[in-house]
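Here's the letter readout for the chains.
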Amino acid sequence: MSVKGAVTGRAAFNRKDLTGQRFGRLIAGESVSVMGKTQQKLYYKCECDCGGEAFAMAQSLRRGATLSCGCLQRERASAASKRHGMSHTSIHNTWMTMLQRCNDPKSDSFSRYGGRGITVCERWHTFENFFEDMGLPPQKGMTLDRFPNNDGNYEPENVRWATAKEQANNRRSSRLLEFNGETLTVAEWEDRQGFRRGLIHTRLYMGWTPERAITQKPLFDQTD
Ligand SMILES: [Zn+2]
């Protein structure tokens, strides 16, 4: 298994080597340090009891969040889908895709999700729990949106059903903006300045400099 930008060998920040230790069905093997979006992440190549292999974050192994190569989830999912009879529904597909993006290095989207350390909470590894928390999308065309934190994990506190437009807004609010040596998201700058949501984004869109967009008080206290 190879990962773009990977540095093999023991990482300097490796507090405690997990090589040889068992985590559920996994035995940790060689460690690999990968440069994530903001920091180095330590992964272990693991062998699974089923004969499969996994590429698991050290942090997830320690927390007990990764216990198999994915076979455990597949077994649970197939047992659960026999019970709930929803295995061919689109909500079930949504759930599977979410897990694959975060847990399966073979998924095309893994680099943008699991590879950046985005995880699915343990509770949602079971379809029935996910379905109980999220229900069906209230409108056609809505998909899962990580909100309020677009870079956060899939967990009940940080996921909503949203339209494509709402998701685009969410991504824009999560855009990073540097000013005065500080880097915050557009939404955080808006909160700090007491601006309404979307004001800074609109200003940047109109061609304002980040400094002016962040510092200039609005002429009127618009609420719309
Ligand atoms: Zn396995």
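These numbers come from a predicted model, not from an experiment.

A. Summary view of the coordination of the zinc ion. Coordination sphere of the zinc ion, protein contribution only: Cys 48 (SG), Cys 50 (SG), Cys 69 (SG) and Cys 71 (SG), at 2.2 to 2.4 Å. Each of the 4 donor atoms around the zinc ion contributes to a set of angles spanning 98 to 115°, which defines the coordination as tetrahedral. Between consecutive donors of the zinc ion, the numbers of intervening residues give the motif C-x1-C-x18-C-x1-C. Taken together, the residues span a long stretch of sequence, with Cys 48 in strand β4 (residues 40-48) and Cys 69 in the loop between α1 (58-63) and α2 (71-84) at a distance of 21 residues. The same class applies to Cys 48 as to Cys 69, namely buried.

B. Structural detail: the packing of aromatic side chains. If you walk through the whole model with that rule in mind, you get 5 aromatic pairs. A ring pair is formed by Trp 124 and Phe 130, whose centres lie 5.1 Å apart and whose planes are at 85°; its orientation type is edge-to-face. Relative to Phe 131, the ring of Phe 127 lies with its centre 5.8 Å away and its plane at 15°, an arrangement referred to as stacked. Here Phe 127 and its partner Phe 131 are both found in helix α4 (residues 127-134), 4 residues apart, which amounts to about one turn of the helix. Exposure remark for Phe 127: the relative accessible area of 1% places this residue in the buried category. Among the aromatic residues, ring-to-ring pairing joins Trp 95, Phe 127 and Phe 131 into one connected group. Across from the ring centre of Tyr 113, 4.8 Å away, lies the NZ or CZ of Arg 101, which sits over that ring. Seen from the ring of Phe 147, Arg 160 lies directly overhead, with NZ or CZ sitting 3.8 Å from the centre.

C. Here's a closer look at the pattern of salt bridges. One pass over the full model with this rule turns up 10 salt bridges. Taking the shortest distance from any N to any O, the salt bridge between Glu 75 and Arg 25 comes out at 3.0 Å. With a gap of 50 residues between them, Glu 75 in helix α2 and Arg 25 in the loop between β2 (22-23) and β3 (26-35) connect regions that are remote in the sequence. We classify Arg 25 as partly exposed; its relative accessible area is 24%. One salt bridge in this structure joins Asp 145 and Arg 160, with 2.9 Å as the shortest N-O distance. Taken together, the residues span a long stretch of sequence, with Asp 145 in strand β6 (residues 143-146) and Arg 160 in strand β7 (residues 159-162) at a distance of 15 residues. One network of salt bridges, with partners in common, ties together Arg 123, Glu 132 and Asp 133.

D. Inspection of helix α6 (residues 186-193) at higher detail. Inspection of α6 places Val 186, Ala 187, Trp 189 and Glu 190 among the buried residues, and these make up the whole buried set. Along the axis of α6, the buried residues cluster in a sector spanning 160°; they form a single face. Structurally, α6 contributes buried residues whose contacts are with α5 (164-173), β8 (176-179), β9 (182-185), α7 (199-205) and α8 (210-215). With its phi angle positive at about 75°, Gly 194 sits one or two positions after the end of α6.

Conventions we followed
Residues numbered from 1 in each chain as written. Predicted model: local features only at pLDDT ≥ 70, side-chain atom pairs only at ≥ 80, totals over all residues. Heavy atoms only, no water. Donors = N, O, S within 2.8 Å, 3.2 Å for Na, K, Ca; no water. Tetrahedral: all angles 85-135°; square planar, octahedral: opposite > 155°, others 65-115°. Helix = DSSP H or I, 4+ residues; strand = E, 2+ residues; numbered from the N terminus. Buried < 20%, exposed > 50% of the residue type's maximum accessible area, 1.4 Å probe, protein only. Phe/Tyr/Trp six-rings, centres within 6.5 Å; stacked < 30°, edge-to-face > 60°. Lys NZ or Arg CZ within 6 Å of the ring centre and 35° of its normal. Salt bridge = Lys/Arg side-chain N within 4 Å of Asp/Glu carboxyl O. Arc of directions from axis to C-beta. Contact = heavy atoms within 4.5 Å.

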